[in-house]
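# Structure at a glance
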Amino acid sequence: MSYERDNIRRLSAYTPGEQPKAADIIKLNTNENPYPPVKSIMDALSSIQGEHLRKYPPATAIEFREATAKVHSVQPDQVIATNGSDELLRLAITCYCEPNSDSKKKGALGLTDPTYSLYNVLADIHDALIVSIDLDDQYQMPTDLAEQWNRAGCTLAMIVNPHAPSGRVYEIDQLKMIATAFNGILIIDEAYADFADFNALDLVRENSGLNNVLISRTFSKGYSLAGLRFGYGIAPASIIDTLNKAKDSYNTDFISQKLATAAILAHDDVAKTWDLVKSERSRVENKLIGMGYHVFPSQTNFLLAIPPKDAPQAEAIYRQLAEQHIYIRHFSMANMRDKIRISIGTPEQNDTLLQAMKELK
Ligand SMILES: *Cc1c(COP(=O)(O)O)cnc(C)c1O
């Protein structure tokens with residue numbers, strides 16, 4: 001006898017990338033920043049005392065929101081802090097999607113295929129209907145994407161930009177057209193925006209002419225703080241108010257608020273690591289192309305690539321590299337199976353990877 005809800009019993013949980021333990025690991029499988037957090041973040045950590053932890057933390061991370069609002073030229077009431085951006089996505093589904101929506105024809109979640117695979121899992125936890133629209137083989141979105149979502153009763157939709165798992169970027173004008181045509185809240189997940197040439201922040205500003213865009217950001221990728229679990233959303237204040245109603249009272253802890261505040265203020269310093277990653281990205285891309293791989297243009301800290309016909313195929317590459325303690329990502333979905341995804345590491349890590357890829361059997 002199981003007491004689980006039906007949708008939880010059916011659920012297949014999200015599969016995180018491996019976190020192998022050996023000391024000599026080269027870890028290029030979960031898109032972490034290969035450089036350590038900058039000094040001011042670690043100084044903020046050292047400054048924390050027992051007395052800070054005795055009390056409850058500020059419930060809405062006001063200090064963090066004020067600093068972040070200033071950096072992004074928005075108002076503090078347009079920012080919500082969350083326990084990783086994963087919590088923000090889950091909150092949005094809680095607030096805007098109907099459970100069992102298939103029976104009501106309203107309240108579904110609009111996605112693209114492929115996309116960040118966690119979205120599907122979060123929707124399944126909530127028992128929301130998923131409306132997944134295929135991208136073409138260059139990961140371009142159909143011109144009538146918003147209309148397709150509208151017809152299927154979607155009240156929330158998620159686009160990851162730059163796109164994961166491909167790394168490609170969508171122009172702001174295209175996102176603006178989708179937001180304008182969509183009858184619901186559009187999340188633009190900017191987990192990788194730190195490595196891109198532009199972002200969609202203009203779409204959440206007061207003069208944007210839009211009131212339905214929610215941008216999701218994280219410190220996990222750009223700021224070398226995946227272990228901290230801190231993300232945030234930026235949106236019109238009305239959307240932030242809605243999300244605030246459903247969040248845990250103390251969803252971010254004192255330590256993460258302090259470190260995240262130090263991180264956003266260290267923006268310019270951290271950006272030096274983004275430049276290093278970007279220049280390594282084009283070096284690795286060119287080397288892979290030289291080895292006959294098809295590499296998708298990327299504005300993230302990873303590359304998606306298809307091996308040449310005469311080389312070992314994607315899964316075999318993943319396995320052979322893992323045997324040598326070099327971890328890249330391979331996805332088993334039918335439309336991803338022939339590809340490998342490589343996070344950009346330090347120059348030394350990338351060299352070791354490229355050398356190992358030349359010696360594949
Ligand atoms: C890594 C990632 C996230 C998750 O970020 P956390 O803040 O670590 O929860 C969200 N969206 C995409 C597309 C990601 O790749």
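Residues numbered from 1 in each chain as written. Predicted model: local features only at pLDDT ≥ 70, side-chain atom pairs only at ≥ 80, totals over all residues. Heavy atoms only, no water.

A few words now on the pattern of salt bridges. In this structure the tally under the stated criterion is 15 salt bridges. Between Glu32 and Lys27 there is a salt bridge, with its nearest N and O atoms 2.9 Å apart. The class for Glu32 is partly exposed, based on a relative accessible area of 26%. For Asp269, the salt bridge goes to Lys272, with nearest N and O atoms at 3.0 Å. Within this pair, Asp269 and its partner Lys272 are both found in helix α11 (residues 267-290), separated by 3 residues, close to a single helical turn. (Salt bridge = Lys/Arg side-chain N within 4 Å of Asp/Glu carboxyl O. Buried < 20%, exposed > 50% of the residue type's maximum accessible area, 1.4 Å probe, protein only. Helix = DSSP H or I, 4+ residues; strand = E, 2+ residues; numbered from the N terminus.)

Glancing now at the nonpolar core. Judged by nonpolar contacts, the single largest core of 84 residues is most densely connected at Phe64, Trp149 and Phe219. With residues near it in sequence (within four places) discarded, Phe64 still touches Val79, Ala81, Phe219, Phe230, Tyr232, Gln257, Ala260, Thr261 and Ile264. Counting 29 residues, the second-largest nonpolar core is a separate cluster that includes Tyr96, Leu122, Met158 and Ile240. (Core = buried A, V, L, I, M, F, W, Y, C linked by side-chain atoms within 4.5 Å. Contact = heavy atoms within 4.5 Å.)

In space, the 3 strands of this open sheet follow the order β9-β10-β12, with antiparallel pairing throughout. Every interior strand has two partners, whereas the edge strands, β9 (294-295) and β12 (340-343), have only one. Both strand β10 (residues 302-306) and β12 contribute to a ladder of 4 bridges, which runs antiparallel. Each bridged residue has a counterpart across the sheet, and for Leu304 the counterpart in β12 is Arg341. (Pairing = 2+ DSSP bridges.)

Next up on the list: the environment of Arg205. Counting through the fold element by element, Arg205 comes out in the loop between β6 (185-189) and β7 (213-218). Considered as a pair, Arg205 and Ile234 are 29 residues apart in the sequence and their alpha carbons are 9.2 Å apart. Not counting the four nearest positions on each side in its chain, Arg205 is found in contact with His72, Ser73 and Val74. Looking at Arg205, its side chain comes within polar contact range of the side chain of Asp202, at 2.6 Å. (Polar contact = N/O pair within 3.5 Å; in protein donor to acceptor, adjacent residues only side chain to side chain.)

For the rest of this paragraph, the subject is the packing of aromatic side chains. Each aromatic ring pair is summarised here by two numbers: the centre-to-centre distance and the angle between the ring planes. Counted according to the given criterion, the structure contains 13 aromatic pairs. Pairing Tyr116 with Tyr119 gives two aromatic rings, centres 5.3 Å apart and planes at 90 degrees, and the pair type is edge-to-face. Each member of the aromatic cluster is reached from another via a ring pair, and the members are Phe64, Phe219, Tyr223, Phe230, Tyr232 and Trp274. Of note, Arg341 hangs over the ring of Phe302, and the distance from its end group to the ring centre comes to 5.4 Å. (Phe/Tyr/Trp six-rings, centres within 6.5 Å; stacked < 30°, edge-to-face > 60°. Lys NZ or Arg CZ within 6 Å of the ring centre and 35° of its normal.)

Here we take up the environment of Pro297. Within the secondary structure layout, Pro297 lies in the loop between β9 and β10. C-alpha of Pro297 to C-alpha of Ala123: the two residues are 174 residues apart in sequence and 29 Å apart in space. Excluding anything up to four places from it in sequence, Pro297 contacts Ser166, Gly167, Arg168 and Glu285.

All right, on to the sheet that holds β7 then. Spatially, the 7 strands line up as an open sheet ordered β2-β8-β7-β6-β5-β3-β4, and their pairing is mixed. Unpaired on one side and paired on the other, β2 (79-82) and β4 (130-134) mark the two borders of the sheet. Between one strand axis and the next, the sheet turns through 25 degrees on average, direction left out of account. Bridge count between strand β5 (residues 154-160) and β6: 5 bridges; the pairing is parallel. Each bridged residue has a counterpart across the sheet, and for Ile159 the counterpart in β6 is Ile188. Here helix α4 (residues 62-72) sits on the sheet in contact with β2, β7 and β8 (231-234), set at roughly 125 degrees to β2. (Axes fitted to C-alpha atoms, helices over the stretch in contact; angles between N-to-C directions.)

Lining the immediate surroundings of the ligand are Gly84, Ser85, Asp86, Tyr116, Val160, Asp189, Ala191, Tyr192, Thr218, Ser220, Lys221 and Arg229. Contacts to the ligand include Ser85, whose backbone N or O atom sits 2.7 Å from an oxygen atom. At 2.9 Å, a side-chain N or O of Lys221 approaches an oxygen atom of the ligand. Contact with the protein chains hides 93% of the accessible area of the ligand, taken as 390 Å² for the molecule alone. Per element, the largest residue contribution to the shell around the ligand is 3 residues, and it comes from helix α5 (residues 84-96). When the residues that make up the shell around the ligand are grouped by side-chain class, the tally is 4 nonpolar, 4 polar and 4 charged. (Near = heavy atom within 4 Å. Areas by Shrake-Rupley, 256 points an atom, 1.4 Å probe, with all protein chains shown as cover. Nonpolar A, V, L, I, M, F, W, Y, C, P; charged D, E, K, R; others polar.)

Time to look at the packing of α4 against helix α10 (residues 254-265). Running from N to C, α4 and α10 point in directions that differ by 15 degrees, and their axes come no closer than 9 Å. Here α10 runs roughly parallel to α4, going by the angle between their axes. For the crossing formed where α4 meets α10, the hand is left-handed. Residues Glu63, Phe64, Ala67, Thr68, Val71 and His72 of α4 form the contact with α10, whose own contacting residues are Gln257, Lys258, Ala260, Thr261, Ile264 and Leu265. (Parallel < 35°, antiparallel > 145°, perpendicular 65-115°, else oblique. Left-handed = near helix turned anticlockwise from the far one by under 90°.)

This brings us to the domain arrangement of the chain. Examined at the domain level, the chain breaks down into domain 1 (16-37 + 268-359) and domain 2 (39-266). For domain 1 versus domain 2, the separation of C-alpha centres amounts to 26 Å. At the junction of the two partners, domain 1 supplies 28 residues and domain 2 supplies 30 residues. Between domain 1 and domain 2, the buried area comes to about 2,300 Å², and carbon and sulfur atoms account for 58% of it. It is Pro37, Trp274 and Gln299 that lose the most area in domain 1 upon contact with domain 2, and together they represent 32% of the buried surface on that side. Linking domain 1 with domain 2 are 13 residue pairs in polar contact (both at pLDDT 80 or more). If you list the elements that add at least two residues to the side of domain 1 that touches domain 2, you get α11 and β10. For the side of domain 1 that touches domain 2, the element with the highest residue contribution is α11, accounting for 8 residues. (Domains from an automatic or database assignment. Buried area = accessible area lost by both parts, 1.4 Å probe.)

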